[in-house]
Structures are given as C-alpha cells and as structure tokens.
Amino acid sequence: MTSISINSIELLIEVLGTLAFALSGLIAGLRKRFDLVGICMVSGVTAFGGGTLRDVILDRRPFFWVENSYWLWGLIALCLIGSAFLKSKHIDFTEKAIQIPDALGLGLFAPLGTQIALIQHLDPIVAVLMGVFTAVFGGILRDIFCNEVPKAFSDHQPYAIIAFIGGWVYVILIHLGVTELLSSLTSFLSITIFRLVAINRNWQLPKWNAN
Amino acid sequence: MTSISINSIELLIEVLGTLAFALSGLIAGLRKRFDLVGICMVSGVTAFGGGTLRDVILDRRPFFWVENSYWLWGLIALCLIGSAFLKSKHIDFTEKAIQIPDALGLGLFAPLGTQIALIQHLDPIVAVLMGVFTAVFGGILRDIFCNEVPKAFSDHQPYAIIAFIGGWVYVILIHLGVTELLSSLTSFLSITIFRLVAINRNWQLPKWNAN
Amino acid sequence: MTSISINSIELLIEVLGTLAFALSGLIAGLRKRFDLVGICMVSGVTAFGGGTLRDVILDRRPFFWVENSYWLWGLIALCLIGSAFLKSKHIDFTEKAIQIPDALGLGLFAPLGTQIALIQHLDPIVAVLMGVFTAVFGGILRDIFCNEVPKAFSDHQPYAIIAFIGGWVYVILIHLGVTELLSSLTSFLSITIFRLVAINRNWQLPKWNAN
C-alpha cells in the first residue's frame, strides 16, 4: 500500500469521525430546540472541542480548525442542511447510524492524541490521557453547553475507557519498537472493534455499590 | 475628527459595552441569589470571557484584564455597588436599559475580534468567528456558570448572527481596500443599528421545523 | 528549621490539599452515580482544575500534572480505591473529614498562586485573583461538570473571600519587605485558621437584600 493511499484512508476516517461528532452535536442542539447559532456552536464544540482542549494543554497553535478553515465551512453547511432536512422522526435513526463513524473516529483520534503527546516526550499516562481527551472531550463539552449531565460520565457505556486501553496499546507497541504505522493501526482496530462489540452486546461498566 | 477624539469615542464605547456585559452577569447572579463572590465571578466571566477565549485561541498574552487591571477594580466596585443598591424591582428595568450599551458593545467587539484575527493573517471565516466569540461567548459562559441553557443558543433572537454578518461587512470592506477606520465604523454601525431594530421589532430566528 | 524540612512540610500540605480536592470530586461523582470514567474526570478536574486555569491564564507550560505525572497515577488509584470502598453511609463522614485538609490546601494554594503571578510582575489584584483561582476554580469546574450551580457562588460560606484576603496578606507583607517564606507562612496560617473558624462558627456571607 503506498503512503498516499494510507493518507487517503486516514483522511477519510478523520472526516467520517468528525462528521459523526458534529452530527451528535447537531442532534443534541435540535433536541434542545436551539436556533441555528446554537446548533452550529454545539455542533462545532462537539466536533472540535476535544482536539482543541488537547492543543491548549500541549500549547500547540494554530488549532487545526483555525489552520484548515474548510472544516468550519463544512460544519456550517452540515448544520444548515441538517436543520433543514432532519425531522423528529429521523433523529433516533440518525443517532443509531452515526455509531459506526463515531467508533471509527474514536479509534482514530485516541492514538492520534497519544502520538502527538509522545512526540513532545510526555509521560505515557499523560499521552494516553491526551488521546482520551481528543476523543471524548467534545462530547463532554456538548453536554455542558446543553446543560445536561455529561453522558460520558453517567451512561455506564464503555467509551472513554476503550480509548484509554487503546492508547496503552499504542504506547506499548511503540515502546516495543513497532513502527508508528503498525502501532496506530493496531490501536485503531482494537478500539473500533472493541467499541462496536460493546455497542452490539450492550456492555455496561460496573455500577458503584453504594451499600 | 482627530485621532485622539476617535480613540476617546472607542474607549467610551468599550467601557459602555463592557459595563453592559458586566451588568448582565451581575443581574444573572442576583437572580440566582449568589453571594458576592459568585456575583463578581459571573459578572467578570460575562464581561471578560469572550475576549479571553479569543486570546486563548489566538495565543495572545497578557489578556487585556491582566494587563489593564483597573478593569478588575471597576468590576469589583460595580458588583459591590450593584449588590448594595439593586433591588428586585429594579432588575427588569436595568435589563431593559442595558440593551442599548449592549448593542454598542456588540458593534464594537465583533469587528475588533475580527480585526485582531486578520492581523494574524487568519482566514476570513476564522476572523469573523473570533469577532463572534469576542462579542457572544461571555454571555454563554455566564449561563453555563449559572447552570442555565445558554440564552444565545435558545432564545431565537438575532444576536450572534448579527455579529457574524457585521464581521463579514468588515472583512469585505478591508478586502476592497477601504481603510481600517471606515471598515470598523461601517461594521459597527450596521451591527448596532441592526441589533436595535431587531430588539425593537422583536425579530425571531426561524424555528426548526421538527415535523 | 532546615529548608529541607520546610519543603517536606510544604509537599505534605500540597498532597493533603490536593487529596481533599480530589476526594470532594470523587464524592460529587459518586453522588451523581457516575461510572469510573466520570469519577476520575470529575475528581481530576477538581484537584487540578484551579492550578491549570491559572497556568492557562499566565501561559505557563507544562502544567504540573503533565510534568509530574505521578499525580495522575495517584488520582486513578484514589478513584479506584474510593469507588470500591466508599459506601453511601461513609460519604457524609468523609465530606466532614476533608474540611481540615481542604482548609490546609486553601491556605497553601492561595498564596502559591499569588506568588507565581507576582514573579511575573503582574499587578497585585491580578496576583491575588490568580491565588483565588488556584484554590477555588477546581470546585467550580467540579460543579459545572456535575450540572450543578457552583457551591462556591451560592452556599454563602466564606471560602473564596478568605483566599482573597489571604492573598492580600501575602502581597502586603512582600511589599513591606518581609521574606517570601514568612509572608507565605503568615498568609497560609491566616487563611487556614480563618477558614476553620468560619466552618466551626458557621459564618455566612451577607445575603442580597432584594427588597
């Protein structure tokens, strides 16, 4: 496989993952009956919030959506089209349909965030955490902007924890001398497959035993 | 008109706009029965949050309220006086009265944020967004700190969208070779007048057609 | 007293204070029935949020929890142990028990934040505010992440205001030429004692007179 086609696949997954995040923000905004401004902002925060937080922590500038502003045009177009054509009856279906691109995005963004932090020679636990933030924090900010309890904290579905484990897969493989490409790919596949199985089997994180 | 008097007018509008933002935070805090600490923090976040977020994104330091700390003294004085003298019966009146300085602030801060981003050679859409953030994000943070759904997303009044359009007015005029002063002034006037007419006529953004 | 033993005492207080903050986040997460991911995130935000915000404002990198990543391991261990062993009946007791380490943390972090800002030659009011943010903002973020009104704004207990006064104690002593060690110590003691007396006597901040 040439590096061009690998880059094309990575870009495709990046677009699909970001689209899934943006759509989940769009749906959250529609459910709250936000106006177009609110929908665009919530959608943008969900799509770009995780990577932006990572870059604030690691002091990286410019942010990717500042440097590549066609992401913003894409987001506005998505929100305009989404508000115009999505009806109440489509929302549950859409939410189910975006689970697959969302799992792809989770698998891509977690090792990506980890990789960016490792390049800065940060400790493995920090690097893994940067991967988790990249993948998960957009959804947390979406819920805070919608005045809801973050689903990532309260729905007991394995999501951030899969990104956490997948980040360690990446760190360990790199440490063992495996190439970046193969490490990313293994991490990506384990996260995405794990996530899809978790959705399919409806796995739940253990509940706190309060008594 | 000499440049000194233009600077004076700009400073006057800046003070009026910031005062309007701070007062809207103060009122939100009083309504929530916050203590003086909460009132000062919410008022400060409303007044300085938008410009601070812009500066975090653009990596500009020090923030203006860090560099010019008399803004902080002014805020504390405002909150002390406001808590002591504002009564329940005054709140609705105050909220109505600050609409005019708030519209002036919207007209000033949106082209100002756009201008700051253009100087950094950022793309027009990013620059316009920085103007919107400067003008709008303080109010969004105010509502998040008060545990409310952001009004900017949900009240269907044209506000951020006016800042967005006014930002494009600025960008286009600059692009056409108009001087900075004239571009700012045109953007300022179109935003402020548009906003005041929107309040007066009670314009509403279109609602999502859910069916 | 040798400087080594002073550093040991400072480190001990830092650990105790951070532990108190982390535990208050852990308890908030348990109360909300968050899963382990939510508990770790809220606990981490409470423990590290204030210092991180200060460092974002002052543009200091790397953050202390990025540089000294054993803090993260400690946090994860604390959350695992806490979720496993804390039961409903223990929570009220734990919340009461952490008031003392929390008061120690308040006394340590407020002058520490002030000192860091003074070293950057910032104005006293900004420096004092950085101290308040360091000590208080973790708890504010904890409540926002839990979708609650921040207690720091609404419970009318003197907390941030004590950090504010203690910060001025530090600034004034430094200005009078007192050594850093003695200034920090005086600020620390006045804050911690003031806070413990305020808890013991159940002091309340004055309420807004709405009529």
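Model, not experiment: these values are computed from the prediction.

## A closer look at the overall build of chain A
Moving on, step 1. Within chain A, the secondary structure is distributed over 10 helices and zero strands.
Moving on, step 2. Secondary structure of chain A in N-to-C order comes out as α-α-α-α-α-α-α-α-α-α.
Moving on, step 3. Here chain A has a C-alpha radius of gyration of 17 Å; the compact-globule value for 211 residues is 17 Å, and the two agree.
Moving on, step 4. For the C-alpha atoms alone, the extent of chain A along its principal axes is close to 50 × 50 × 35 Å.
Moving on, step 5. Across the 211 residues of chain A, 51% fall into the buried class.
Moving on, step 6. Look at the contacts in chain A between residues 6 or more apart in sequence, and 71% of them connect residues 24 or more apart.

## A word on the packing of helix α6 (residues 99-119) of chain C against helix α7 (residues 124-145) of chain C
Residues and elements named next belong to chain C.
Moving on, step 1. Axis separation between α6 and α7 bottoms out at 7 Å; the angle between their running directions is 140°. In terms of axis orientation, α6 runs oblique to α7. Where α6 crosses over α7, the two elements pack in a sense that is right-handed. On α7, the residues that touch Leu106, Phe109, Ala110, Pro111, Leu112, Gly113, Thr114, Ile116, Ala117 and Leu118 of α6 are Val126, Ala127, Val128, Met130, Gly131, Val132, Phe133, Thr134 and Ala135.

## Observations regarding helix α10 (residues 180-201) of chain A
An α-helical turn contains 3.6 residues, so any two residues separated by three or four positions project in the same direction.
Residue and element names in this part refer to chain A.
Moving on, step 1. With 22 residues, α10 extends 31 Å between its outermost C-alpha atoms, agreeing within 8% with the 32 Å of an ideal straight helix rising 1.5 Å per residue.
Moving on, step 2. Ser183, Ser184, Ser187, Phe188, Ile191, Thr192, Phe194 and Arg195 are the residues of α10 that are buried. All buried residues of α10 lie within an arc of 165° about the axis, which places them on one face of the element. Residues of α10 that are exposed and angled more than 90 degrees away from the buried face: Leu181, Leu182, Asn200 and Arg201.
Moving on, step 3. Buried positions along α10 lie against α6 (99-119) and α9 (160-175).
Moving on, step 4. Looking at the residues trailing α10, positive phi occurs at Asn202, about 55°.

## Brief notes about unusual backbone geometry
Residue and element names in this part refer to chain B.
Moving on, step 1. With omega at -10°, the peptide bond leading from Arg61 into Pro62 counts as cis.
Moving on, step 2. Within the fold, Pro62 resides in the loop between α2 (36-58) and α3 (64-67).
Moving on, step 3. Unlike most non-glycine residues, Asp59 shows phi in positive territory, near 60°.
Moving on, step 4. Topologically, Asp59 is positioned in the loop between α2 and α3.
Moving on, step 5. The backbone phi angle of Asn202 is positive, close to 55°, even though this residue is not glycine.

## A look at the relation of the copies chain B and chain A
Two chain copies, one operation linking them: a rotation about an axis together with a shift along it.
Moving on, step 1. In the superposition of chain B on chain A (RMSD 0.0 Å, axial shift 0.0 Å), the rotation amounts to 120°. Here the two chains are linked by the operation of a three-fold rotation axis. Across chain B, the smallest distance between a C-alpha and the rotation axis is recorded for Asn147 of chain B, namely 3.8 Å.
Moving on, step 2. Little of the interface of chain B is mirrored in chain A: 13% of its interface residues are interface residues there too.

## Focus: the interface of chain B and chain C
Moving on, step 1. Each partner contributes to the interface: chain B provides 24 residues, whereas chain C provides 23 residues.
Moving on, step 2. For the side of chain B that touches chain C, the secondary structure elements donating two or more residues are α2, α4 (70-85) and α7 (124-145) of chain B.
Moving on, step 3. A per-element tally of the side of chain B that touches chain C places α2 of chain B first, with six residues.
Moving on, step 4. Here the residues of the side of chain B that touches chain C are counted per class, giving 14 nonpolar, five polar and five charged.

## Some words on the interface of chain B and chain A
Moving on, step 1. Taken together, the contact between chain B and chain A spans 23 residues of the former and 23 residues of the latter.
Moving on, step 2. Only α2, α7, α8 (151-154) and α9 (160-175) of chain B provide two or more residues apiece to the side of chain B that touches chain A.
Moving on, step 3. For the side of chain B that touches chain A, the per-class residue count stands at 16 nonpolar, four polar and three charged.

## A closer look at the packing of helix α9 (residues 160-175) of chain C against helix α10 (residues 180-201) of chain C
All names here are of chain C.
Moving on, step 1. At their nearest, the axes of α9 and α10 sit 9 Å apart, and the two run at 160° to each other. Classified by the interaxial angle, the pair formed by α9 and α10 is roughly antiparallel. Between α9 and α10 lies a crossing whose hand is right-handed. Judged by residue contacts, Ile162, Ala163, Gly166, Val169, Tyr170, Leu173 and Ile174 of α9 engage Glu180, Ser183, Ser184, Thr186, Ser187, Ser190, Ile191, Phe194, Arg195 and Ala198 from α10.

## Here's the deal with the environment of Cys79 of chain A
All names here are of chain A.
Moving on, step 1. Among the structural elements, Cys79 can be located in helix α4 (residues 70-85).
Moving on, step 2. Since 25 C-beta atoms lie within 10 Å of it, Cys79 is described here as buried.
Moving on, step 3. For the pair formed by Cys79 and Thr134, sequence separation is 55 residues and the distance between their alpha carbons is 22 Å.

## Topic: the confidence of the model for chain A
Detailed reading of predicted coordinates is not advised where the pLDDT is low.
All names here are of chain A.
Moving on, step 1. Model confidence for chain A is summarised by a mean pLDDT of 93, while 98% of its residues fall at 70 or above.
Moving on, step 2. Within chain A, the element-level pLDDT minimum falls on helix α5 (residues 88-97), averaging 87, and the maximum on α9, averaging 97.
Moving on, step 3. Complex prediction metrics read pTM 0.95 and ipTM 0.93.

Criteria and cut-off values
- Residues numbered from 1 in each chain as written.
- Chains lettered and ligands numbered in written order.
- Predicted model: local features only at pLDDT ≥ 70, side-chain atom pairs only at ≥ 80, totals over all residues.
- Helix = DSSP H or I, 4+ residues; strand = E, 2+ residues; numbered from the N terminus.
- Rg over C-alpha atoms; globule rule 2.2 N^0.38 Å.
- Buried ≥ 20, exposed ≤ 12 C-beta atoms within 10 Å, placed from the backbone.
- Contact = placed C-beta atoms within 7 Å.
- Axes fitted to C-alpha atoms, helices over the stretch in contact; angles between N-to-C directions.
- Parallel < 35°, antiparallel > 145°, perpendicular 65-115°, else oblique.
- Left-handed = near helix turned anticlockwise from the far one by under 90°.
- Expected span 1.5 Å × (residues − 1).
- Arc of directions from axis to C-beta.
- Least-squares fit on C-alpha atoms with pLDDT ≥ 70 in both.
- Nonpolar A, V, L, I, M, F, W, Y, C, P; charged D, E, K, R; others polar.
- pLDDT = per-residue confidence, 0-100.

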